[in-house]
Amino acid sequence: MSGIDRRSLMVMSVLGATVGLRGTAQAAPTGYPENYQKIIDDAHNEGSLLIYSIMSPENWRPVIEGFNKLYPKIKVETLDLPASRESFERYLAERSTNSRTCDLIATADPGGWIDFQERGEILDYASPEAKAWPDWSKPIPGVYTVSSDPMALIWNNTLVPDGKRPKTLAEFIELAMANEKAWRNRITSYGVHQTTFGYGIAYAYVKKHGEKAWEQFAQLAKLSPRFERSGGPMTEKVTSGEYTMGFFVSAITFWPRLNDPARAKILGWSFIGDGQPVVLRGIAIPKGSKNVNAAKLMLDYVVSEDGQRAFGRGGLTPARPGVKPGDGIRHTYSSIVEAVGEQNICYIGYDRDALRDYDSFVARWKKTFNVA
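Tell me about the pairing of strand S8 (residues 245-250), and please be specific about residues and values.
Regular strands place side chains that alternate from one sheet face to the opposite one. Extensive coverage of S8 is indicated by the burial of six of its six residues. Relative to S8, strand S5 (residues 144-156) is paired through four bridges, and the arrangement is antiparallel. Bridging across to S8, Ile154 finds its partner in Gly246. Pairing of strand S6 (residues 187-190) with S8, which is carried by two bridges, proceeds in the parallel orientation.

This is the structure we're talking about:
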């Protein structure tokens, strides 16, 4: 552990002691197979778990608290990496030198997961929770879904009056075009040419709407949008009025900010009724895991109903069907479907065509928006 260079590290191993559970024999969850008790016993002997992810300590905190109430003897550490692909790159580099590496990976990089599978690095673990999840959430053997985080339309309420606020991308474009001269350089989104995250969103939307999507992008290009690499700057600049509106903005970056009443008065948002991009965050156990039994316990907890609610309280969007908002959870996959209809969901998933089409898609994007 001492050789690992961390940007952020959270240790929450003492929770069990504080809640008085240390030393208590842990039973398998109800409905799990009889041999699950051996996984629990072996995991306690391992005693620790290291996770690479792109989620912050704040995202993980409720999850680790809930996990340690069940398994107080297991010390959990999470490493928050700055880019979605870095979890894989770091693991592969460490594995190639037989260095200590992670036991579990959780990240939003479909292309990275596909490459990881082709390298044969994913443990094909069958979770006892798997039967509660639909096929789209289990795209690769051993890979499960942590969250289904939506992209949204956002705007500054002082600049976009009530009655004109868009609920679809078509309405967003109509409003932007009506203010083409005044709002030039004041529309924002992720740059497809700047981030694979932005590429995945735009690719999923184009795959759903085809040439109509490119025609919409061409209309937006007339306003010379300013692109960002992450949702934080978009949210701040829309709030300040530097930008009037943003499209395909990650909702989990601005939902926590709406807990501030002053911010909530200024910042407006909507799901996208004519094509709702949803990012699927994957989780799996790499074959180089040293503490594979502890990793199985955590994966099973994350995809359980309790684990999903915990991630919801941590700011992500629970993906397990049937989990509802409330108790600190703003939205879930089920509530998104209720809002826009399942037929309007654009899954930013594990599409091998996206790998094949990357260069040509980015080239067309650059030409459409006249960006380098």
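Pulling in residues and values, what's your account of the confidence of the model for the protein?
Taken as a whole, the protein shows an average pLDDT of 91; of its residues, 93% reach a score of 70 or greater. Predicted confidence for residues 1-24 stays below pLDDT 50, and this span has 54 contacts to residues more than four positions away or in other chains.

I'd like a description of the packing of helix H4 (residues 86-96) against helix H5 (residues 110-118), backed by residues and values.
Across the interface, H4 lies against H5 with an axial gap of 9 Å and an inter-helix angle of 25°. As far as their axial angle goes, H5 and H4 are roughly parallel. Note on element contacts: H5 touches H4 through Gly112, Trp113 and Phe116, opposite Phe88, Tyr91 and Leu92. Looking at side-chain class alone, the contact of H4 with H5 contains five nonpolar, one polar and no charged residues.

Please set out the pairing of S5 residue by residue, giving values where relevant.
Among the 13 residues of S5, 13 are classified as buried, and the element is accordingly described as predominantly covered. Bridge analysis of S5 against strand S10 (residues 276-284) gives six bridges, and the strand direction is antiparallel. When the sheet's bridge partners are listed, Thr145 is paired in S10 with Gly282. Sheet topology places S5 next to strand S9 (residues 267-270); four bridges connect them, and they run antiparallel. If you follow Ile154 over to S9, its bridge partner there is Trp269.

Describe empty space enclosed by the protein, with residues and values.
Under the criterion given, the structure shown has one cavity of 30 Å³ or more. Considering only enclosed or pocket space, the largest cavity measures out at about 30 Å³ in volume. Forming the boundary of the largest cavity are Ser189, Tyr190, Val192, Gly198, Ile201, Ala202, Phe248 and Trp365. For the lining of the largest cavity, the secondary structure elements donating two or more residues are S6 and helix H7 (196-209). Per-element tally for the lining of the largest cavity: the top contributor is H7, with three residues. Counted by class, the lining of the largest cavity contains six nonpolar, two polar and no charged residues.

How would you summarise the layout of surface pockets if you had to cite specific residues and measurements?
There is about 760 Å³ of room inside the largest pocket. Mapped onto the lining of the largest pocket, the elements with two or more residues apiece are H7 and helix H10 (251-254). Within the lining of the largest pocket, the residues separate by chemical class into 11 nonpolar, 11 polar and six charged. Roughly 470 Å³ of volume is contained in the second largest pocket. Taken together, 25 residues make up the lining of the second largest pocket; nearest its centre are Pro110, Gly200, Ile348, Gly349 and Ala354. The set of elements that each furnish at least two residues to the lining of the second largest pocket consists of H5, H7, strand S11 (345-348) and helix H15 (352-356). Looking at the lining of the second largest pocket, the element that brings in the most residues is H7, giving eight residues.

How would you summarise the pattern of salt bridges if you had to cite specific residues and measurements?
Enumeration over the complete set of coordinates arrives at 22 salt bridges. The partner of Arg364 in a salt bridge is Glu211, with the nearest N and O atoms 2.8 Å apart. With Arg364 in helix H16 (residues 358-369) and Glu211 in helix H8 (residues 211-221), this residue pair connects regions lying 153 residues apart in the sequence. The partly exposed category is assigned to Glu211, whose relative accessible area is 45%. Linked by salt bridges that have partners in common, Lys207, Asp351, Asp353, Arg356 and Asp357 make up one network.

So what about H4? Which residues, and what values?
Every buried residue of H4 is accounted for by Ser87, Phe88, Arg90, Tyr91, Leu92 and Glu94. In this structure, the buried side of H4 is in contact with strand S2 (48-53), strand S3 (75-80), strand S4 (104-107) and H5. Asn98 sits one or two residues past H4 and shows a positive phi near 55°.

Go over the packing of helix H6 (residues 169-178) against H8, please, and point to the residues and values.
The contact between H6 and H8 brings their axes to 10 Å, and the two run at 25°. Relative to H8, the element H6 lies roughly parallel. In the crossing of H6 with H8, the sense of the turn from one axis to the other is left-handed. Seen from H6, the contacting residues are Leu169, Ala170, Phe172, Ile173 and Met177; seen from H8, they are Gln216, Gln219 and Leu220. Of the residues assigned to the contact of H6 with H8, the class counts are six nonpolar, two polar and no charged.

The rules we used
Residues numbered from 1 in each chain as written. Predicted model: local features only at pLDDT ≥ 70, side-chain atom pairs only at ≥ 80, totals over all residues. Heavy atoms only, no water. Buried < 20%, exposed > 50% of the residue type's maximum accessible area, 1.4 Å probe, protein only. Helix = DSSP H or I, 4+ residues; strand = E, 2+ residues; numbered from the N terminus. Pairing = 2+ DSSP bridges. pLDDT = per-residue confidence, 0-100. Contact = heavy atoms within 4.5 Å. Axes fitted to C-alpha atoms, helices over the stretch in contact; angles between N-to-C directions. Parallel < 35°, antiparallel > 145°, perpendicular 65-115°, else oblique. Nonpolar A, V, L, I, M, F, W, Y, C, P; charged D, E, K, R; others polar. 1 Å grid on protein atoms, 1.4 Å probe; cavity = no way out; pocket = protein on both sides within 12 Å on 5 of 7 lines; lining within 4 Å. Points joined across faces, edges and corners; volume = space filled by probe spheres on them. Salt bridge = Lys/Arg side-chain N within 4 Å of Asp/Glu carboxyl O. Left-handed = near helix turned anticlockwise from the far one by under 90°.

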